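# Structural features, examined
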Amino acid sequence: VASIDQGSRPRYRKFASGSRRSEVGPLLHRGTCGSGMSPGADGDLLKLSVGELKKQLFWCGSAVPAGHLEKADLVEAVRRAREEKADRDRKKAVAEEAQKKAQEQKEEEQRWQERKKAASRPAPRPLDYEQKQDKSSQDVV
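Everything numeric in this text was worked out from a predicted model, so none of it was measured.

This brings us to the packing of aromatic side chains. This model, assessed by the stated rule, comprises 1 aromatic pair. On the basis of an interplanar angle of 75 degrees and a centroid distance of 5.2 Å, the ring pair of Phe58 and Trp59 is categorised as edge-to-face. Looking at Phe58, the relative accessible area reads 57%, which means it is exposed.

Next up on the list: helix α2 (residues 50-60). Along α2, the positions that sit buried rather than exposed are Glu52, Leu53, Gln56, Leu57 and Cys60. Viewed end-on, α2 has its buried residues packed into an arc of 150 degrees, placing them on one side of the element. Gly61 sits one or two positions beyond α2 and adopts a positive phi of about 85 degrees.

Let us look at the side chain of Arg79. Inspection of the secondary structure puts Arg79 in helix α3 (residues 71-119). Taking relative accessible area as the criterion, Arg79 reaches 19% and is therefore assigned buried. Within the structure, Arg79 has its side chain in polar contact with the side chain of Glu76 (distance 2.4 Å).

Thresholds, definitions, all that
- Residues numbered from 1 in each chain as written.
- Predicted model: local features only at pLDDT ≥ 70, side-chain atom pairs only at ≥ 80, totals over all residues.
- Heavy atoms only, no water.
- Phe/Tyr/Trp six-rings, centres within 6.5 Å; stacked < 30°, edge-to-face > 60°.
- Buried < 20%, exposed > 50% of the residue type's maximum accessible area, 1.4 Å probe, protein only.
- Helix = DSSP H or I, 4+ residues; strand = E, 2+ residues; numbered from the N terminus.
- Arc of directions from axis to C-beta.
- Polar contact = N/O pair within 3.5 Å; in protein donor to acceptor, adjacent residues only side chain to side chain.

These values are about where atoms sit, not about what they do.
As structure tokens, this is what we get:
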């Protein structure tokens, strides 16, 4: 971002290519699935244009339904896509948590095995009763 124009009109950013993009523009420039808006915000979805609703569907990972669509149909499709994405994200988080927990258990088991191995006593040697010392090598107290 090179500079920001100041004035009475909405602020625009000047980009290196000379093009301008409004700072007040839609949330879709960030490439989110409408995460800035609450999932049940019908009013927010109704304020979006048809093109923006299609972009919302794209960022949610859903396809635009086939056939002639009214704006209400797109709003419903975006709402369903958000719910599905939230479910996928929840399932992914649960799976990642389970994988992380399994990894931690595996590491704890390895640490326990290493401690057990380090603390183990050496195997006892068999006693040799046939070996005797000379009386001359014994110390007299």
